[in-house]
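# Architecture and fold: a report
Listed here are the chains, written in short residue letters.
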Amino acid sequence: MKALKILGIALVVYVAIVVLFESLLGYFQPEPPGSLTITTTDEDGNTYDRVLTELASDGKVYVAVNHWPRAWYRRTLVNPNVKVSRGGGTGQDHVAVRVTGDEHDRVAEDNPLGVAFRFLMGFPPRYFVRLDPA
């Protein structure tokens, strides 16, 4: 019984760490080198900016859906017309294409994610979006 309590407390602490990490990351949206800002549009025409890490594979530009909060990703599935800006510049029109199959596997292999980072994020499923210039 004592082991179950310890396990339960450890699980609650871990979930709290993941929630805190994801919340702070979403709130502050740090812009390290190699990041871009994607502007998505919802069904009502409202726009939202999200800072993401730019990934490359086979000469193409990708972004990863690495976190549990993924409203920006759901908006790209509904409206794939997005704007992409780098370094605070003017957004350029792109089409966001969901990546599947062999392309997904190649991008994942070319852009591995460390275990420590995945641990802090709570091991969410990882998806990729290719950003094709419009």
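Per chain, the residues get numbers from 1 upward, laid out in the order the sequence is written. Local features in a predicted model are, by the rule used here, given only for residues with pLDDT of at least 70; side-chain atom pairs are given and counted only at 80 or more, and totals for whole chains, interfaces and linings are based on all residues. Each side-chain value is derived from all of the structure's non-hydrogen atoms; neither hydrogens nor water enter the calculation.

### Remarks on unusual backbone geometry
How we decide: Only DSSP runs of H or I covering at least 4 residues are called helices, and only runs of E covering at least 2 are called strands; the numbering of each starts at the N terminus. Exposure is judged per residue with a 1.4 Å probe applied to protein chains only, and the accessible area is read against the type maximum: over 50% gives exposed, under 20% gives buried, and values in between give partly exposed.
The backbone of Asp-58 shows a phi angle near 55°, a positive value even though the residue is not glycine. Within the fold, Asp-58 resides in the loop between strand 3 (55–57) and strand 4 (60–65). Given the relative accessible area of 56%, Asp-58 is considered exposed. Of note in the backbone geometry, Phe-123 takes a positive phi value of approximately 55° without being a glycine. Within the fold, Phe-123 resides in the loop between helix 4 (115–121) and strand 7 (127–133). The class for Phe-123 is partly exposed, based on a relative accessible area of 41%.

### So, the pairing of strand 7
Defined as follows: Strand pairing requires that DSSP identify at least two bridges connecting the strands.
Here four bridges tie strand 4 to strand 7, and the two strands are oriented antiparallel to one another. In the sheet register, Val-65 faces strand 7, and the bridge partner there is Tyr-127. In the sheet, strand 6 (residues 92–98) pairs with strand 7 via five bridges, with the strands oriented antiparallel. For Val-97, the partnering residue across the bridge sits in strand 7 and is Arg-130.

### Overview of the nonpolar core
Where we set the bar: Definition of nonpolar core: a set of buried residues of the types Ala, Val, Leu, Ile, Met, Phe, Trp, Tyr and Cys, connected through side-chain atoms within 4.5 Å.
In terms of nonpolar packing, the biggest core is built from twelve residues, these being Leu-36, Ile-38, Leu-52, Val-63, Val-65, Trp-72, Tyr-73, Val-82, Val-84, Ala-96, Val-129 and Leu-131. When residues of this core are traced back to their parent elements, those giving at least two are strand 1 (35–41), strand 4, helix 2 (71–78), strand 5 (81–85) and strand 7. In this structure, Tyr-62, Ala-64, Val-99 and Phe-128 belong to the second largest nonpolar core, which totals six residues.

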